[in-house]
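# A closer look at the structure
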Amino acid sequence: MAVIENPDRSADATPRSRSWYEGISTGWWVLAAALLFMPAVANDFVLFQVFGWTFILGMIALSLMFLAGYGGMVSLIQMSVAAMAGYMVAIFGFSGISDLSLGMPWWVYLPLAILIATIFGTLVGALAVRTEGIYTIMITLAIASAFFYFTRQNYSIFNGYTGFNLVVPPELFGVDWRQPMPFYYLTLGCATIAYLAVVYVSRAPFGLVLQGVRDNPRRMAALGYNVVAHRIAAYAFASVIAAVGGILLVWQNAQIAPGTAGIAAVIDILVIAVIGGIGRPIGAFIGAIIYVVLSTFAPDFLLSIGMSGERFNLLIGLGFLAIVFFSPDGILGLWDRWRARRAKRGDPLTGESASGGDAP
Amino acid sequence: MARFASRHPVWTFIIVLGLAVLLWLIFTPWSPQMEETLGRKRIFLNAIFGGVTLGALYFLVASGFTLIFGLMRNVNLAHGSLYLLGGYLGFEISEFTGSWLITFPIVFIIVAAVGIVLQHQVFRRMDGEDLRQTMVTIGLSVVLADLMLWYWGGQSYTIFAPDWLSGPMTLPIISSIRDSGEIVYLRYPAVRMAILLAAIVIGIGMWLLLNRTRLGMFVRAGVDDREMLAASGVRIQYIFLAVFAFGAGLAGIAGIVGGTFQSLSPGEDTRFLLASLVVVIVGGMGSIPGAAIGALIIGLSEQLGLVYAPTYSVVFTFLIMALVLAFRPQGLLGSAR
């Protein structure tokens, strides 16, 4: 299967990057190569559970990062948007609950799921942009929990407490996409596209206006930009990314239940985005891999130092606290400062950092 | 209030009419036709009283939250954890001392001390950084929730009310009239009435404190313009500490109250955090009367919803919030700033 997949992806990657070929630093090429050839060395568990989950959570966190980093709106609704897409896949597609699933073909239910989730996210965004700063957090948190309670109570559409099980991806092109290796490449591909889309949008006029709105909404309004419309459009764009992440998430778990978008899960997405660094798109993925590695291996680690494995939340919470306390811009901020200090030491005359900023 | 009435005569009329209908429904004995359409009066009364009592509990939690927010612009998302901590401590202390009443001052002081530490060590360090404060309190609530789960485990606790408050009491409200003509009065748990009374007393006390004392004057001035207050020589950091301690202590007391007439278990912290968020959003940020009205509305809608539309009772709450946000983003009694 790797033989089928590999050329497919590399052919995809080369033309995209040729135009700014020189702008991409070596580190990114190494990272891309490492990710592409990961299946050669990693076992199925790492591919499916660690990396697959990382890319999915990374995408959902990326949508939060886009809103928070470029739009200045910390929205906690992204996990609910993702879960909405997952639910729609289960409802319009196939699941173990055949009474409620409509069993449409994949080319109907996938766009439909993304569309409905995007509408949902945009509506919430339209409500949330009436508020600012901390109010946005509170209102999106409240709506996210309303979504959670609603899905838990509603049995006629969302099948209540149990949710849907046996939600699996369609067998396209003769590939079982739930096998570890295809799933790895599927999530990697989606995550890459989402990442590049966010980078592209952040440099496109729309993204620049959005950053202007973040920094000074009044001035942007005075310049003639429609601040509210840009913010709502940002919600719509972020919702698409979150929706794709949600579809992949439901395929990975093969089930979806209200707990998927429970309050803890909603907070986790924020934790992921903040741990990685909310200022840059790659931070979402860095946060995701830290979170996934911690949650996968923390129980073993905690047991090995003589504590109960259930104290995983304590570990995550303390790590989150430490990061917010000491480095508000996350791991990436730590890295930047370390590099700046090193560069300063290396070049005492100018005091400038020698390295050329961040690659796309 | 008079200004509101003169500016919005239609709304005033609707509100007064609604209140009148509600009071009439409560005090009048229901005729058989009414019982047919609306169900038993006893059920209705229980829902109303349950809602008011729940609203009282919500008010206790949310008033501290809104006071802290109004004065310091701190969103303390660890407020729910303070509530749960107060409840657990109240359980331990009431088991240890055997007295229900004595737990209130002790828990108030302990949780207020926790609040002082929070304000002094966390919020003061990142003054003015809203987002960072919010994130730190989210982190704190995760850590505190896990620590409490570690120590008190996953089972639920109930704090027992003292003997003189256990059992029902009879209220002078007609519940139903038997065929024999005998009047049945409503019986309602005494402890809940005590809680309701206590919440009203605390609410009035807070109003007096805020509107009739020098400290209250400082607090109100700080809500309006803290820079100006600090510039006129008031030691604003001490006032911050006092208000934070008071708000945290109230959350702790609310924990005992909640543990007495409901139960304490992991997850209650987020439940009450959300409840106070919604109450404060509906009522208006930083307004104590707003918190009272918001708590009453949310408590009533939750209980009435539970009785008359059990599937979607939780959703009603959020529907109210969405409606308020859509038409009056600053909350019912909030001031647009």
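Computed from a predicted structure; not experimentally measured.

### Some thoughts on the overall build of chain B
Within chain B, the secondary structure is distributed over 14 helices and 2 strands. Taken against the 2.2 N^0.38 rule, which gives 20 Å for 337 residues, the C-alpha radius of gyration of chain B at 21 Å falls within 12% of a compact globule. In terms of overall dimensions, chain B has C-alpha extents of about 70 × 55 × 35 Å along its principal axes. Evaluated residue by residue, chain B yields a buried proportion of 50% over its 337 residues. Intrachain contacts of chain B at a sequence separation of at least 6 include 71% that bridge at least 24 residues. Counting every atom, chain B has about 15,800 Å² of accessible surface; 68% of that belongs to carbon and sulfur.

### Focus: the pattern of salt bridges
Oppositely charged side chains can form a pair if their charged atoms are brought close together. Taken as a whole and judged by the stated rule, the model has 2 salt bridges over all chains. The shortest N-O distance in the salt bridge between D215(A) and R214(A) comes to 3.0 Å. Its relative accessible area of 56% is what places D215(A) among the exposed residues. The salt bridge partner of R271(B) is E268(B), with a shortest N-O separation of 3.2 Å. On the criterion of helical spacing, the pair formed by R271(B) and E268(B) is a turn pair, its members being 3 residues apart in helix α12 (residues 268-283). On the accessibility criterion, E268(B) (11% relative accessible area) is buried.

### As for the confidence of the model for chain A
Residues and elements named next belong to chain A. For chain A, per-residue confidence averages 77 on the pLDDT scale, and 86% of positions sit at 70 or higher. Of the regions scoring below 50 in pLDDT, residues 1-17 engages in 18 contacts with residues more than four places distant in sequence or in other chains. Across residues 354-360, confidence stays below pLDDT 50; counting only partners more than four residues off in sequence or on other chains, it has 14 contacts.

### A few points about helix α4 (residues 41-72) of chain B
Residue and element names in this part refer to chain B. Between its first and last C-alpha, α4 extends 45 Å over 32 residues, near the 46 Å set by a 1.5 Å rise per residue. With 28 of its 32 residues buried, α4 lies for the most part within the structure. Of the residues trailing α4, R73 is marked for its positive phi of about 60°.

### Here's the deal with empty space enclosed by the protein
Residues and elements named next belong to chain B. Applying the stated criterion to the full structure yields 3 cavities of 30 Å³ or more. By volume, the largest cavity amounts to about 50 Å³. Looking at the largest cavity, the residues that line it are M72, N74, Q119, F123, R124, D127, Q133, R226, Q237 and F240. Within the lining of the largest cavity, the residues separate by chemical class into 3 nonpolar, 4 polar and 3 charged.

### Some remarks on the interface of chain A and chain B
Between chain A and chain B, the contact holds 34 residues from the first and 41 residues from the second. When chain A packs against chain B, the two sides together hide about 3,400 Å² of surface, and 81% of this comes from carbon and sulfur. Together, I134(A), M138(A) and F325(A) form the three largest contributors to the area buried by chain A at its contact with chain B, with a combined 19%. In this assembly, chain A and chain B are joined by 0 salt bridges. Taken together, the links from chain A to chain B amount to 0 residue pairs in polar contact (both at pLDDT 80 or more). Mapped onto the side of chain A that touches chain B, the elements with two or more residues apiece are α7 (134-153), α12 (263-276) and α14 (312-326) of chain A.

### What about the environment of G305(B)?
All names here are of chain B. Tracing the sequence through the fold places G305 in helix α13 (residues 288-308). We classify G305 as buried; its relative accessible area is 4%. C-alpha separation for the pair G305 and T97, spaced 208 residues apart in sequence, amounts to 39 Å. Look past the residues within four positions of G305 in its chain and what remains in contact with it is L300, P310, S313 and F316.

### Thoughts on the packing of helix α8 (residues 180-203) of chain A against helix α11 (residues 227-253) of chain A
Residue and element names in this part refer to chain A. Put simply, α8 and α11 touch, their axes get as near as 11 Å, and they point 170° apart. Considered as vectors, α8 and α11 are oriented roughly antiparallel to each other. Of the residues in α11, those touching α8 at F183, L186, T187, C190, A194, A197, V198 and V201 are F237, I241, V244, L248, W251 and Q252. When the residues that make up the contact of α8 with α11 are grouped by side-chain class, the tally is 12 nonpolar, 2 polar and no charged.

Definitions and cut-offs
Residues numbered from 1 in each chain as written. Chains lettered and ligands numbered in written order. Predicted model: local features only at pLDDT ≥ 70, side-chain atom pairs only at ≥ 80, totals over all residues. Heavy atoms only, no water. Helix = DSSP H or I, 4+ residues; strand = E, 2+ residues; numbered from the N terminus. Rg over C-alpha atoms; globule rule 2.2 N^0.38 Å. Buried < 20%, exposed > 50% of the residue type's maximum accessible area, 1.4 Å probe, protein only. Contact = heavy atoms within 4.5 Å. Areas by Shrake-Rupley, 256 points an atom, 1.4 Å probe, with all protein chains shown as cover. Salt bridge = Lys/Arg side-chain N within 4 Å of Asp/Glu carboxyl O. pLDDT = per-residue confidence, 0-100. Expected span 1.5 Å × (residues − 1). 1 Å grid on protein atoms, 1.4 Å probe; cavity = no way out; pocket = protein on both sides within 12 Å on 5 of 7 lines; lining within 4 Å. Points joined across faces, edges and corners; volume = space filled by probe spheres on them. Nonpolar A, V, L, I, M, F, W, Y, C, P; charged D, E, K, R; others polar. Buried area = accessible area lost by both parts, 1.4 Å probe. Polar contact = N/O pair within 3.5 Å; in protein donor to acceptor, adjacent residues only side chain to side chain. Axes fitted to C-alpha atoms, helices over the stretch in contact; angles between N-to-C directions. Parallel < 35°, antiparallel > 145°, perpendicular 65-115°, else oblique.

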